[in-house]
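Residues per chain are reported as follows:
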Amino acid sequence: MPTLETLIAFTAATALFAYMPGPALLYTAAQTLARGRAAGFAAAFGIHVGCYAHVLAATFGLSAIFSTVPALYLALKLAGGAYLVFLGIQMIRTRMAGGTPDVSMPAKSGRRAFIDSVLVEVLNPKVAVFFIAFLPQFVSAEATLPIWAQFLILGTIVNFAFTSADIFTVLFASAVKKRIGGSSRWQDITRWLGGSLLVGLGLKLATDKA
């Protein structure tokens, strides 16, 4: 296994990246503001599940293909950005028919948030690039565990750290949503805010040069 110094550096770097405000935290906040706490938790779980695609890709060297085939990276980035914009517009346009709440809405929102989040995470090539750039710094060829096992273990730890930050964000956004009230007017505002965040994230993902 890596040395104690390496593990300390890995833990500190992982915590820094996990809790640094960024697209993932804004995404879970947007889902929570627009659909409620249950949907926020579903979104966090969806991101967690989708992230394993990138952990496995980094483990078996598949993420490196983005370096050799830039067109694939660009295509995936544009698809992910377009999907986020689509989700944001859809969220903004959502209305309760006739002003009457739909009793099945919480369950539908939770399932939808989970599925959407898995797809958003898988379609984000920047996550794949992050893992392939970050994990090798803490992998040791002299360790008793094989390289692929170290990648898998460290990647899983990083994923759980990121999920803990997502959960914290959901709780915070949920508290804000509860504090500002549950009137239909405020629901419209939070839904519009959440949708706008998703549109902004989608545009940023699609237009970033990196």
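For the structure, see preceding data.
Each value, and the rule that gives it
Residues numbered from 1 in each chain as written. Predicted model: local features only at pLDDT ≥ 70, side-chain atom pairs only at ≥ 80, totals over all residues. Heavy atoms only, no water. Patch = residues over 30% accessible without salt bridge, like charges linked within 9 Å, V, L, I, M, F, W, Y side chains within 5 Å. Areas by Shrake-Rupley, 256 points an atom, 1.4 Å probe, with all protein chains shown as cover. Salt bridge = Lys/Arg side-chain N within 4 Å of Asp/Glu carboxyl O. Helix = DSSP H or I, 4+ residues; strand = E, 2+ residues; numbered from the N terminus. Axes fitted to C-alpha atoms, helices over the stretch in contact; angles between N-to-C directions. Parallel < 35°, antiparallel > 145°, perpendicular 65-115°, else oblique. Left-handed = near helix turned anticlockwise from the far one by under 90°. Nonpolar A, V, L, I, M, F, W, Y, C, P; charged D, E, K, R; others polar. Core = buried A, V, L, I, M, F, W, Y, C linked by side-chain atoms within 4.5 Å. Buried < 20%, exposed > 50% of the residue type's maximum accessible area, 1.4 Å probe, protein only.

Here we look at a nonpolar patch on the surface
In step 1: Among the surface-exposed residues, Tyr19, Phe168, Phe172, Val176 and Ile180 lie close enough to one another that they form a single nonpolar patch of about 490 Å² accessible area.
In step 2: The element that contributes the greatest number of residues to the nonpolar patch is helix α8 (residues 147–179), accounting for three residues.
In step 3: Secondary-structure assignment places Val176 in helix α8.

Notes on the packing of helix α3 (residues 37–59) against α8
In step 1: Following both chains from N to C, one finds α3 and α8 inclined at 165°, their axes separated by 9 Å at the closest point. What the angle tells us is that α3 and α8 run roughly antiparallel. Two packed elements cross with a definite hand, and for α3 against α8 that hand is right-handed.
In step 2: Residues belonging to the contact of α3 with α8 are distributed by class as follows: 15 nonpolar, eight polar and two charged.

Some words on the nonpolar core
One recurring pattern in soluble globular proteins: nonpolar side chains tend to sit buried together.
In step 1: Counting residues in hydrophobic clusters, the biggest one holds 16 residues, and the most contacted among them are Tyr27, Leu84, Leu87, Ala113, Val120 and Leu198.
In step 2: Of all the secondary structure elements, the ones that give two or more residues to this core are α2 (23–35), α3, α5 (70–93), α6 (105–122) and α9 (184–207).

Brief notes about the pattern of salt bridges
In step 1: Under the definition given, this model contains four salt bridges.
In step 2: Residues Arg35 and Asp116 are paired through a salt bridge, measuring 3.7 Å at the closest nitrogen-oxygen approach. Of the two residues, Arg35 is situated in helix α2 and Asp116 in helix α6; the sequence distance between them amounts to 81 residues.
In step 3: Its relative accessible area of 25% is what places Arg35 among the partly exposed residues.
In step 4: With a shortest N-O distance of 3.1 Å, Arg112 and Asp116 are connected by a salt bridge. Placement of both Arg112 and Asp116 in helix α6 is noted, with a separation of four residues, approximately one turn of the helix.
In step 5: Residue class for Arg112 comes out partly exposed when judged on its relative accessible area of 33%.
In step 6: Residue classification places Asp116 among the buried residues on the basis of a relative accessible area of 1%.
In step 7: Each of Arg35, Arg112 and Asp116 takes part in one network of salt bridges that share partners.

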